[in-house]
Amino acid sequence: MPTSLIKGRVVRIELRRPNDEKILLIETERHSSFDWEMPGGKVEPNETVMQAALRELWEETRLRAKLRLIRYARRAIPQNPNIFREHYMFTGLYSGGVIQLASPVAEHHWSSVTEALHQCTDWWTKHYLSSIRL
């Protein structure tokens, strides 16, 4: 009987503006194209998912925020149904500060959930946004 393996953990951060509920999207370069997504990335070895979320937010935007875990999903990779990637969604409120984008992030903007759902191509981001779309 095959056993399940975890191959990678990914975090995303839904950073909201408190006054209008818009969320921060960043444009990143992947595989010679640019995609809109929420800040986030891979969890490093010996790093908790919270540490990864805080690190990724800082690395990509130079922002700090109080975050909390709001969603988890486990998804099989297409090549093998017994190997999974874990996905974690965090949320936090933007409390000010200058957004300073770090490479490979190209641009940023604030978007409604509905707009973000149409702009983002990342599976985990789309999965999460479709569950909260108003």
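Whatever comes next refers back to the structure up there.
The present account deals with the structure reproduced in this document. (Residues numbered from 1 in each chain as written. Predicted model: local features only at pLDDT ≥ 70, side-chain atom pairs only at ≥ 80, totals over all residues. Heavy atoms only, no water.)

## A short note on the overall build of the protein
The helix and strand tally for the protein stands at three helices and seven strands. Here the C-alpha radius of gyration of the protein, 15 Å, is about what a compact globule of 134 residues would show, namely 14 Å. Taken along the three principal axes of its C-alpha coordinates, the protein extends 50 × 30 × 30 Å. Scored against the burial criterion, the 134 residues of the protein give a buried share of 42%. (Helix = DSSP H or I, 4+ residues; strand = E, 2+ residues; numbered from the N terminus. Rg over C-alpha atoms; globule rule 2.2 N^0.38 Å. Buried < 20%, exposed > 50% of the residue type's maximum accessible area, 1.4 Å probe, protein only.)

## A closer look at the pattern of salt bridges
For the coordinates displayed, the defined rule picks out eight salt bridges. A salt bridge links Asp20 to Arg17, with the nearest nitrogen and oxygen atoms 2.4 Å apart. Since its relative accessible area comes to 32%, Asp20 is described here as partly exposed. Here Glu47 ties to Arg55 by a salt bridge, and the two come within 2.7 Å at their closest N and O atoms. Take Glu47: its relative accessible area is 12%, and that puts it in the buried class. It is possible to trace a salt-bridge network through shared partners that takes in Glu47, Arg55, Glu56 and Glu59. (Salt bridge = Lys/Arg side-chain N within 4 Å of Asp/Glu carboxyl O.)

## Notes on the side chain of Glu56
Tracing the sequence through the fold places Glu56 in helix 1 (residues 49-61). Take Glu56: its relative accessible area is 8%, and that puts it in the buried class. Side-chain polar atoms of Glu56 contact the side chain of Arg55, separated by 3.1 Å. (Polar contact = N/O pair within 3.5 Å; in protein donor to acceptor, adjacent residues only side chain to side chain.)

## Let's talk about the packing of aromatic side chains
Enumeration according to the criterion identifies three aromatic pairs in this entry. For the pair Tyr94 and Trp110, a centre-to-centre distance of 5.1 Å together with 55° between the ring planes defines the contact as tilted. Of the two residues, Tyr94 is situated in the loop between strand 6 (80-93) and strand 7 (105-111) and Trp110 in strand 7; the sequence distance between them amounts to 16 residues. Residues Trp123 and Trp124 carry aromatic rings whose centres are separated by 5.9 Å and whose planes lie at 25° to one another, so their mutual orientation is stacked. (Phe/Tyr/Trp six-rings, centres within 6.5 Å; stacked < 30°, edge-to-face > 60°.)

## A few points about a positive patch on the surface
A cluster of basic residues, Lys7, Lys42, Arg75 and Arg85, forms a positive patch on the protein surface. Mapped onto the secondary structure, Arg85 falls in strand 6. Given the relative accessible area of 31%, Arg85 is considered partly exposed. (Patch = residues over 30% accessible without salt bridge, like charges linked within 9 Å, V, L, I, M, F, W, Y side chains within 5 Å. Areas by Shrake-Rupley, 256 points an atom, 1.4 Å probe, with all protein chains shown as cover. Lys, Arg positive; Asp, Glu negative; His and termini not counted. Charge placed at Lys NZ, Arg CZ, Asp CG, Glu CD.)

## Describing the side chain of Glu14
Relative to the helices and strands, Glu14 resides in strand 1 (residues 5-16). Within the structure, Glu14 has its side chain in polar contact with the side chain of Tyr128 (distance 3.0 Å).

## Things to note about the pairing of strand 6
Inspection of the sheet shows strand 5 (residues 68-77) paired to strand 6 by nine bridges, in the antiparallel sense. If you follow Arg71 over to strand 6, its bridge partner there is Met89. Taking the residues between adjacent antiparallel strands as the criterion, strand 5 and strand 6 are bridged by two residues. (Pairing = 2+ DSSP bridges.)

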